[in-house]
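# Structure at a glance
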Amino acid sequence: MMWQRIGVGFSTLGFGWLVVAMLWNWQPVNAASLQPTGLAGAGLITHVQDVDGRPLRVIVIDPAARVMGVYDISRDTGEIQLKSIRDLSADLQMLEFNSGAPSPADIKNSIKRK
């Protein structure tokens, strides 16, 4: 039982240091922009989105696991809220996906016609 508590304590401490490391790299940027900050030692990629009047958004990507997580951090309280986690493996296997015209196939066909 004691070892489980120590393990949970170390896990919590590790996650806390991860968040501190991500925020340590943070610098204010223009509204609605993404800033890659990186986290070299952990093999993670981080982006911080700073939009005036909204919570600070931190995006963490694990390229090895092909997973992305999105967190919102309250500017008032510092509370961290997990917004979503997504496995990108299936997304990255699609040949094309577009939410509007022109589709990637349309663009390829127009280039071939020239």
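Here the residue numbering is sequential within each chain, running from 1 through the sequence in written order. Given that the model is predicted, a residue must reach a pLDDT of at least 70 before its local features are reported, and side-chain atom pairs must reach 80 or more before they are shown or counted; all residues, however, enter totals for whole chains, interfaces and linings. Side-chain metrics rest on all non-hydrogen atoms present in the structure, leaving aside hydrogens and water.

## Considering the pattern of salt bridges
In plain terms, the rule: The term salt bridge refers to a side-chain nitrogen of Lys or Arg lying within 4 Å of a carboxyl oxygen of Asp or Glu. Numbered from the N terminus, helices here are DSSP runs of H or I no shorter than four residues, and strands are runs of E no shorter than two. Relative accessibility thresholds used throughout: buried, under 20% of the residue-type maximum; exposed, over 50%; partly exposed, between the two (1.4 Å probe, protein chains only).
Following the criterion strictly, the structure yields 3 salt bridges and no others. A salt bridge links Asp72 to Arg57; the nearest nitrogen and oxygen atoms lie 2.8 Å apart. Here Asp72, found in strand β4 (residues 67–73), pairs with Arg57, found in strand β3 (residues 56–62); they are 15 residues apart in sequence, far enough to count as distant. Taking the relative accessible area as the measure of exposure, Asp72 reaches 10% and is therefore buried. Take Arg57: its relative accessible area is 26%, and that puts it in the partly exposed class. Residue Asp91 is joined to Arg86 by a salt bridge in which the shortest nitrogen-to-oxygen separation is 2.9 Å. Given a relative accessible area of 25%, Asp91 falls into the partly exposed group.

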